[in-house]
Structures are given as structure tokens and as C-alpha cells.
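Observations on the three-dimensional arrangement
Below, each chain spelled out in residue letters.
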Amino acid sequence: MTNTVGVLVMSYGTPEKMESIEAYYTHIRRGRPPEPEQLKELTDRYEAIVGGVFPLRENTDNQVKALQETLNKDDRSNEVEFRCYQGLKHAYPFIEDGVEQMAKDGIQTAIGIVLAPHFSTMSVGSYIKRAREKAEDLGIQMSFIESYHLHPKLIQALSTRVSAKLDAFEEAGAKRGDVRVLFSAHSLPARIVDIGDPYPQQLMETSEVIASRLGITNWQFTWQSAGRTAEPWLGPDILDTLQDLAREQVEDVLVAPIGFVSDHLEVLYDLDIEAKAIAKEIDMRLMRIDSLNSDPLYMETLSDVIINQWQQGTDE
């Protein structure tokens, strides 16, 4: 299969069904089963979104399928066939399972990419580490894409979504310039700042480019979905930010969760349910941009960086 290039598409993962939540949570906790109240809380959150349906799983499956189709439609890929494999951090098929399947299929050359545009050693870096170790064990030559947070088509896709929701605010009677735009992403332990991790800076760069493209001056960055651990996480959290904005008498807020590429728990629950509940309490109009999911521009972003990576490898 010398003319086939494997693509390991990595993401966080989610349980396939309600009965799998405990095993999933146990894996996140590195083999320590959750306490009954912890398990109930997570189960309740999944039940609260679309009656317990797991959209992240379906969205990720669709993204992998759409990416493979986009890769093989590209004029630059006529020399090879790109074959996509899924590798999840906390659910089956695990990252190692995806690499093992490549080996079984005779894949010798592969590229790894994470469905997250911004690099952090604690997130994307941990995915890459696991994939690299398994690929080396199995004799697969695998290179990796660390980030693509300023790719023009990604910026275009996100900007289109922000602009569309600002139009919706105007249709609802708000002045476009009065809408506070909150760019957000998943928080990480604050110690990443001390080690010079690029994650916060890359997120700020994406936010600044989108704001500049659309002429938005009324914006800020906030964090969300922090883990519940003893150590401090990056903040302020979006729920605190909303309270601060209420004290500033800000009435209209648009959330742009640029750190997420799919509808999943941190979007469908943390924003659509939890944040909107807070907004309702403080009489604030809150909207969020639509997620990228399998948007063609996002698929073209991924395809472009993957093919560029492959071409660089063939030129060496």
C-alpha cells in the first residue's frame, strides 16, 4: 500500500451510549471510578442535551468521513489515496487502536491531526505523544500537525458564523456595535502559562484576526469548562464574565467558542444550557455561533494542512 497515506484523526471522544458513561469517566480519571454523585452529575448533563443523544460521536464520525472525501477530491492528491482513521483519547477506538488498524491495513506512511486548531502540550501534545509512541512501535512513519489556528479558511468559516449571529442580533433590535462578543475556549490548568505554552496566545491570535476581519471592537476573551481540581485553571470563567457584563449593563452577548469544532457537551450543555440559564437570570440576551462540525471550509482547512504536510515529507 505504498500509494496509500494514513491520516489519524484524533479527538477527545465521548461515550457511544448512556451505559458507557461510567467506563468513559473512569478512563478520564486514569482508572479511578467516579464517585456516585460525580457519575450522576455527568449522566444528568448528557441526558439534558437532546434527550441523551450523543452528537459529538456522530459529528466526529461525520467529520472523519467528510475529511477523507475532501482529501481525495483535492487535485494535489491524485498520486495517492488518503485513508482516514479515527483515534479517540478517552473512548474506543482509542488513539492506539487507530494506529494499530493502520498497521493491519499495511499503512507505512501516516499523518496525525487533532480536531482542535490550537496547540497545547496538555491537550494536542498529549494526543501526539500517544500516537507517535504507538506508530514507532509498529514501524509506521508518522508526522504530525500541531496547529492550524490561523488558516485562512478556518478564519473565514468562523468569521462567517460570527457575522451571521451579529445579523441576528440586529434583526432582534440590537445595535451591532453594542453586542459584546466573547471568544472562548476550554480552560486548562494555569501552570501552562509558566511553561510558555502557546495555547493562550494562539487563541488570542485567532480572536484578533476574526475581530479585525469583521471590524469588531467590542470583544474580549473568556474561558469555559474548567476541570474541577485543586489547582487553579485559566480564567475568568464565562459564567463569571457574564455576571461582570451584567454589572456593566451589557444587554447583548454573542459567544464564539473558537476552541471547539463540534457540538458536544462543552457547547451543548456548558453554553446552551448553563450559560443561557445564567443569562436569563440576569436578563441578558445570549446567543452563540454555530459549530463548525463538517462545514466544507473546515474540512478544506484540515485537508490543506494535511496535504501540505504530506508534500513536505515527499520533498525531503
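Residues numbered from 1 in each chain as written. Predicted model: local features only at pLDDT ≥ 70, side-chain atom pairs only at ≥ 80, totals over all residues. Heavy atoms only, no water.

Concerning the sheet that holds strand β4 (residues 141-144)
The cut-off we apply is this: Two strands qualify as a pair provided DSSP detects at least 2 bridges between them. Helix and strand definitions follow DSSP, with helices as H or I runs of at least four residues and strands as E runs of at least two, each counted in order from the N terminus. All axes are obtained by fitting lines to C-alpha atoms, using only the stretch in contact for helices, and the reported angles, taken between N-to-C directions, cover 0 to 180 degrees.
Spatially, β2-β1-β3-β4 is the arrangement adopted by the 4 strands of the open sheet, whose pairing is parallel. Here the strands that pair on one side only, and so sit at the sheet edges, are β2 (81-88) and β4. Put simply, the sheet's adjacent strands are angled 25° from each other on average, direction ignored. Here 4 bridges tie strand β3 (residues 109-114) to β4, and the two strands are oriented parallel to one another. Paired with Gly112 across the two strands is Phe144, which belongs to β4.

Some points on the side chain of Glu266
Operational definition: Accessibility here uses a 1.4 Å probe with only protein chains present; expressed as a share of the type maximum, an area under 20% marks a residue as buried, one over 50% as exposed, and anything in between as partly exposed. We score Asp and Glu as negative and Lys and Arg as positive, and we do not count His or the chain ends. Only one rule defines a salt bridge in this text: a Lys or Arg side-chain nitrogen within 4 Å of an Asp or Glu carboxyl oxygen. Counting of polar contacts relies on pairs of N or O atoms within 3.5 Å, with two restrictions inside protein: one atom must be capable of donating a hydrogen and the other of accepting it, and residues adjacent in sequence are counted only when both atoms are side-chain atoms. Only heavy atoms matter for contacts: two residues are in contact if any of them lie within 4.5 Å across the pair.
Mapped onto the secondary structure, Glu266 falls in helix α9 (residues 265-268). Put simply, Glu266 is tucked away with no salt bridge, and the nearest opposite charge, on Arg45, sits 7.2 Å away. Looking at Glu266, its side chain comes within polar contact range of the side chain of His264, at 2.8 Å. In this structure, Glu266 is in contact with His186, Gln224, Ser225, Phe260 and Leu271, ignoring residues within four places of it in sequence.

Observations regarding the nonpolar core
Quick reminder of the rule: As used in this record, nonpolar core signifies buried Ala, Val, Leu, Ile, Met, Phe, Trp, Tyr and Cys residues forming a set joined through side-chain atoms within 4.5 Å.
In terms of nonpolar packing, the biggest core is built from 52 residues, with Phe82, Leu254, Tyr298 and Ile306 touching the most fellow members. Here this core gets 8 residues from one element, more than from any other, and that element is helix α11 (residues 296-315). Ile95, Ile107, Ala110 and Val114 belong to the second-largest nonpolar core, a separate cluster that totals 19 residues.

So, helix α8 (residues 238-247)
Counted only if it meets this: This arc describes the spread of directions from the helix axis toward the C-beta atoms.
Within α8, the full set of buried residues consists of Ile238, Thr241, Leu242 and Leu245. Axial view of α8: buried residues confined to an arc of 100°, hence all on one face. Buried residues in α8 make contact with β5 (180-186), β6 (219-224), β7 (252-256), α10 (270-281) and β8 (285-288). The N-capping residue of α8, defined by a side-chain oxygen 2.9 Å from the backbone nitrogen of Leu239, is Asp237. Gln249 sits one or two positions beyond α8 and adopts a positive phi of about 65°.

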